[in-house]
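# Secondary and tertiary structure notes
The primary structure of each chain is shown beneath.
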Amino acid sequence: MNQDNKKSNKKSKIYIAILIILLVIIIAIMATIMIMKNKQDSDNKKMAYTELIKNINEQAIEKIEMKVGSTTVKVKLKGENEEKTAIIPNTQAFMELINEKTEKGLEIELEQVKQSILAGLPEKLFTILPTVMMIAIIILIFKMQDFGNSGKIYDGVENKTDVKFDNVAGLDEEKTELIEIVQFLKEPKKFYDMGAKIPKGILLYGQPGTGKTLIAKAIAGEAGVPFISMSGSEFIEMFAGLGASRVRKLFEKARKLSPCIVFIDEIDAIGSRRTSSSGAESENNQTLNQLLVEMDGFEKNDTIIVLAATNRPEMLDKALLRPGRFDRQITISTPDVRGREEILKIHGADKKFADNVTLKSIAEDTAGYTGAELANILNEAAIIATVNDHKAIMQEDIEEAVKKISVGLQKKGRIISDKEKRLTAYHEAGHAIVGRFLETSDPLKEISIIPRGVAGGYTMYKSNEDKFYKSKTEMEERLIGLLGGRAAERLALGDISTGASNDIQVATDIARQMVTVYGMSDKIGPISLEDNENITIFGEDMEDAVGIEIKTLIDTAYNDAQVILKGNMDKLHKVANILLEKETITAEEFEEVFR
């Protein structure tokens, strides 16, 4: 079926190409004819209509040639070999004039000739060209929109995936939850005999890169059934009703291939909450309504499981999430340290590692990373090792890959003035020193004033602990650490710069979440004010109170950072000078300053 689909797509592209070529040829022919005609007209001498009447009255005309259906005439004057052209405003009036003159004895040879096909072709083509172009454009749009029975849904594209649960790591609990789905797809009769109803739909949600699509493929691979994959955006089209038609076609195909799995990625594109708006929103509503109807319309013996993935479950319509449609909702979280190690084993199976590299140490240093990010780290490390002519991937290759992905590409060639280097050195030293005196701060890993990405320097910490909750103290100390760079600039240089803009933005977001989301303000209390509607419920003064509390948190953190640095100014100057000399400081070298 995949071959048939490729042939069909190839055929469709050929038709479109032929259509475009024909249009180009027609336009080229018309342009050529018009150019030739215009050139011919410009070569002939023209005569004004008033001059033509004057010559007729003076009997100076020997012959007049008229083309049927044309207002242009050729005039031959007596005693001249060259013909001239004139345009007649009204053919009937001109014929009456000639008849009147001939009746009075005037000798004028009037010859009427039929217009040639080529001569009238440009006008005819110009008449029908708009219609032809409109038809061509409509055909092209229909082709691009997969109108009718074309497109990958309708041509029966499905595949038997080779992905198995062994290829999925870091999701042990999720796999356990989904094993019964595999058993149902393999032996549906066993469940039906027991009177059990398997879930019609399962919603997988989690941040990008956590493995939602991978585990969906693994279910199909374990069960050995067709895997029909579509993106939510592929149902959204410009023609009213076309998205709903696509949904119907998708489920018609799924019933023919039953048992099978239908996977809709980014379902929030069509499954978002319905509105009363018109236009594109109305089309989305129709598409969602059709999806709801199709999921309700499964017969008892339809062995079809609908899997959907999203990273924004809060946007989905409630009707889509009710039992009987998406019965189960499974959160795909970022892996813990053991899960990260298993993921690294899978992606590192075909790579060469040096003896000093252990996957466990990589897993410990990458807390919070998704499976896709871990795979990217190993791939980048392999590329770096190859470029550096290493026989195997070394520890420094992996560390460079982590920095490249988390901070950005190193830019050693960037020319930086001594003044900016000094500012960056004090800024990063301020972050490091303030962080050292905060109890909840992660251990320091490295400080550098070598530019990476958009950053002029960076202070990197070891993320060797998986955290699922954050305390108020931890978030307050995070604010202090973020503002340590700005505080160092103020104290050491007597000035501030734009280098702290990202730190200030992140700090403001954290302070806002503490007040409006997590209810950590003593004055406002444990109230959710994340939505603007919630704020207005408590009156106009609440907005001012929220702003004051956010500013208080920021101001307090900034003052605390300055207090820490004022007590360690000698260390600040020393760390900054070492950075100016070496450009990069390790955790061990940093600790030497405090001994």
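Attention in this report is confined to the structure presented alongside it. As the structure is a computational prediction, the values presented were derived from the model and not from experiment. (Residues numbered from 1 in each chain as written. Predicted model: local features only at pLDDT ≥ 70, side-chain atom pairs only at ≥ 80, totals over all residues. Heavy atoms only, no water.)

Strand direction decides the pairing type here: strand β2 (residues 61–67) and strand β3 (residues 72–77), joined by 5 bridges, are antiparallel. Within β3, the position partnered with Lys63 by the bridge is Lys76. In this sheet, strand β4 (residues 84–87) lies alongside β3 in antiparallel orientation, the contact comprising 4 bridges. Looking at β4, one finds that Lys74 is bridged to Thr85. Linking two consecutive strands that pair antiparallel, namely β3 and β4, is a turn of 6 residues; a positive phi of about 80° is found at Gly79 within it. (Pairing = 2+ DSSP bridges. Helix = DSSP H or I, 4+ residues; strand = E, 2+ residues; numbered from the N terminus.)

Mapped onto the elements of the fold, Glu380 is located in helix α14 (residues 371–387). Beyond its immediate stretch of four places on either side in the chain, Glu380 contacts Ala401, Lys404 and Ile405. (Contact = heavy atoms within 4.5 Å.)

What follows concerns the sheet that holds strand β7 (residues 227–231). Read from one edge of the open sheet, 5 strands run β7-β8-β9-β6-β10, paired in parallel fashion. Each of the sheet's edge strands pairs with one partner strand only, and the pair in question is β7 and β10 (326–331). When the angles between neighbouring strand axes are averaged without regard to direction, this sheet yields 20°. Pairing between strand β6 (residues 201–205) and β10: 5 bridges, direction parallel. Residue Ile202 lies in a different strand from β10, and its bridge partner there is Arg328. Sitting on the sheet, helix α5 (residues 172–186) touches β6, β8 (260–265), β9 (304–310) and β10, and the angle it makes with β10 is about 145°. Along the sheet, helix α8 (residues 242–257) contacts β7, β8 and β9; its crossing angle with β7, the most-contacted strand, is approximately 170°. (Axes fitted to C-alpha atoms, helices over the stretch in contact; angles between N-to-C directions.)

This brings us to the sheet that holds strand β13 (residues 584–586). One open sheet accounts for 3 strands, arranged β12-β11-β13; its pairing is antiparallel. Two strands in the sheet have a free side with no partner beyond their single neighbour: β12 (458–461) and β13. Each neighbouring strand pair of the sheet contributes to a mean axis angle of 15°, computed without reference to strand direction. Two elements, strand β11 (residues 444–448) and β13, share 3 bridges in a ladder whose sense is antiparallel. Opposite Ser448, over in β13, you have Thr584 as the bridge partner. Relative to the sheet, helix α16 (residues 418–436) contacts β11 and β12, its axis offset from that of β12 by approximately 30°.

As a further point, take the packing of helix α17 (residues 472–482) against helix α19 (residues 501–516). The contact between α17 and α19 brings their axes to 9 Å, and the two run at 160°. Taken together, the axes of α17 and α19 are roughly antiparallel relative to one another. Read as a crossing pair, α17 and α19 show a hand that is left-handed. For the pair formed by α17 and α19, the contact residues are Lys472, Met475, Glu476, Arg478, Leu479 and Leu482 on the first element and Asp503, Val506, Ala507, Ile510, Ala511 and Met514 on the second. (Parallel < 35°, antiparallel > 145°, perpendicular 65-115°, else oblique. Left-handed = near helix turned anticlockwise from the far one by under 90°.)

Right, let's talk about the nonpolar core for a bit. In terms of nonpolar packing, the biggest core is built from 45 residues, with Leu479, Leu572, Val575, Leu579 and Phe590 touching the most fellow members. Taken together, the elements giving at least two residues each to this core come down to α16, β11, α17, α18 (484–493), α19, α21 (541–566) and α22 (569–582). Broken down by element, this core gets its largest block of residues, 10 residues, from α21. Leaving out residues up to four positions away in the same chain, Phe590 has contacts with Ala432, Ile433, Arg436, Leu444, Ile447, Val575 and Ile585. In this structure, Leu178, Phe191, Ile219 and Ile305 belong to the second largest nonpolar core, which totals 28 residues. (Core = buried A, V, L, I, M, F, W, Y, C linked by side-chain atoms within 4.5 Å. Buried < 20%, exposed > 50% of the residue type's maximum accessible area, 1.4 Å probe, protein only.)

Moving on, we get to the pattern of salt bridges. One pass over the structure, following the stated rule, counts 17 salt bridges. Residue Glu591 is joined to Arg436 by a salt bridge in which the shortest nitrogen-to-oxygen separation is 3.1 Å. Within this pair, whereas Glu591 is found in helix α23 (residues 587–592), its partner Arg436 is found in helix α16, the two being separated by 155 residues in sequence. Judged by its relative accessible area of 27%, Glu591 is partly exposed. With a shortest N-O distance of 3.7 Å, Lys472 and Asp522 are connected by a salt bridge. On the criterion of sequence distance, the pair formed by Lys472 in helix α17 and Asp522 in the loop between α19 and α20 (532–537) is long-range, its members being 50 residues apart. Using a relative accessible area of 29% as the deciding quantity, one classes Lys472 as partly exposed. A relative accessible area of 70% places Asp522 in the exposed class. A cluster of three or more residues bridged by salt bridges with shared partners is formed by Glu177, Glu180 and Arg328. (Salt bridge = Lys/Arg side-chain N within 4 Å of Asp/Glu carboxyl O.)

A separate point is a negative patch on the surface. Where like charges cluster on the molecular surface, the negative patch consists of Glu540, Asp541, Glu543 and Asp544. Structurally, Glu543 can be placed in helix α21. (Patch = residues over 30% accessible without salt bridge, like charges linked within 9 Å, V, L, I, M, F, W, Y side chains within 5 Å. Areas by Shrake-Rupley, 256 points an atom, 1.4 Å probe, with all protein chains shown as cover. Lys, Arg positive; Asp, Glu negative; His and termini not counted. Charge placed at Lys NZ, Arg CZ, Asp CG, Glu CD.)

Moving on, we get to unusual backbone geometry. The step from Ser258 to Pro259 runs through a cis peptide bond, and the omega angle for that step is 0°. Relative to the helices and strands, Pro259 resides in the loop between α8 and β8. Even without being a glycine, Asp389 presents a positive backbone phi close to 60°. In this fold, Asp389 is placed in the loop between α14 and α15 (395–406). For Asp389, a relative accessible area of 66% puts it in the exposed group.

Taken as a whole, this structure holds 4 aromatic pairs when the rule is applied. Here the aromatic rings of Phe437 and Phe594 are separated by 6.1 Å at their centres, their planes lie at 65°, and the arrangement is edge-to-face. Highlighted residues: Phe437 in the loop between α16 and β11 and Phe594 in the segment after α23, separated in sequence by 157 residues. Owing to a relative accessible area of 38%, Phe437 belongs among the partly exposed residues under this scheme. An aromatic cluster of at least three residues, connected via ring pairs, comprises Phe437, Phe590 and Phe594. The aromatic ring of Phe437 is capped on one face by Arg436, whose charged end is 5.7 Å from the ring centroid. Its end group placed over the ring of Phe594, Arg436 keeps NZ or CZ at 4.0 Å from the ring centre. (Phe/Tyr/Trp six-rings, centres within 6.5 Å; stacked < 30°, edge-to-face > 60°. Lys NZ or Arg CZ within 6 Å of the ring centre and 35° of its normal.)

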